[in-house]
Amino acid sequence: MRIALFVLMMVVGALSSGTAFAQSETDRLREALRSATAQTRALEDQRTAMQAKIADADREKAAAKKEVDDLKAQLKKADKEHREAVDEFNQRLAERDETLEKWKSAYEEAATVARTKDAERAKFEGEATAYKASTKSCIAKNTQLVKAGKEMVQRYKDLTIGEIVVSREPMIQQRRVEIQNQLQESQDKFLDQKVNP
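Residues numbered from 1 in each chain as written. Predicted model: local features only at pLDDT ≥ 70, side-chain atom pairs only at ≥ 80, totals over all residues. Heavy atoms only, no water.

## Some remarks on the overall build of the protein
Cut-off, in case you're wondering: Comment: elements are numbered from the N terminus, with helices defined as DSSP H or I runs of at least four residues and strands as E runs of at least two. Residue contacts follow a heavy-atom distance rule, with two residues in contact if any of their heavy atoms lie within 4.5 Å. Calculation of accessible area relied on Shrake-Rupley with a 1.4 Å probe; when residues are assessed, cover is drawn exclusively from the protein chains displayed.
Regarding its fold elements, the protein presents four helices and zero strands. Traced from its N-terminal end to its C-terminal end, the protein shows the element sequence α-α-α-α. Within the protein, counting contacts between residues at least 6 apart in sequence, those at least 24 apart form 66% of the total. With an accessible surface of roughly 16,900 Å², the protein has 60% of that area assigned to carbon and sulfur atoms.

Right, here's the structure in full:
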């Protein structure tokens, strides 16, 4: 625009300076004016094209900014979800460790109880074995006692009134000594079979 005004002013100035010289000068100025107008139009077209490009670039920039903002929001959301997932995983891991510790503790307690029960079982088995041996011994001694008792009862059954009278005889007391010896022998048999606790 300014160029056109400048050219126009030059034309007016040249017209006022002289006519003959002015005619060729006028043609030359007209040509310059046409050239300046064409350049002005070309520059205007370029300016319009540039403004369209700038508008396109602004739209692309806005679209790119929106896309970047969307991506930032997605990234922020993904980061938040990742942190939440990590926190949840860590919490589950802590709960698992806690449960594992409880199981370990329960296992140790059960193992201790099992060891105690095994020790008690071994002790009771030993006692049972000793009691069985003791019982066998008692049964054997009981058999001997029964035998000795039967012998004693048989002696008393076989005892006659005459033997009782002779046993109380005051002079010799030989039979009394025999009976006391038999009683002592029976007592020794009983004592031999006594079970000590």
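After that view of the structure, there is still more to cover.
## Some thoughts on the confidence of the model for the protein
How we decide: Every residue carries a pLDDT, the predictor's confidence in it, which falls somewhere between 0 and 100.
Looking at the protein as a whole, its pLDDT mean stands at 80, while 75% of the residues score no less than 70. Per-element confidence in the protein is highest for helix α2 (residues 20–158), whose mean pLDDT is 87, and lowest for helix α1 (residues 2–17), whose mean pLDDT is 58.

## Focus: the pattern of salt bridges
Going by this rule: We define a salt bridge as a side-chain nitrogen of Lys or Arg found within 4 Å of a carboxyl oxygen belonging to Asp or Glu. Between buried and exposed lies partly exposed: a residue is buried under 20% and exposed over 50% of the maximum accessible area for its type, with that area taken using a 1.4 Å probe on protein chains only.
One pass over the structure, following the stated rule, counts 13 salt bridges. Between Asp 79 and Arg 83 there is a salt bridge, and its shortest N-O distance comes to 3.1 Å. Of this pair, Asp 79 and Arg 83 both sit in helix α2, four residues apart, which is roughly one turn of the helix. For Asp 79, a relative accessible area of 38% gives the class partly exposed. In this structure, the salt-bridge partner of Lys 117 is Glu 120, at a minimum N-O distance of 3.9 Å. Here Lys 117 pairs with Glu 120, and both are found in helix α2, just three residues apart, close to one helical turn.

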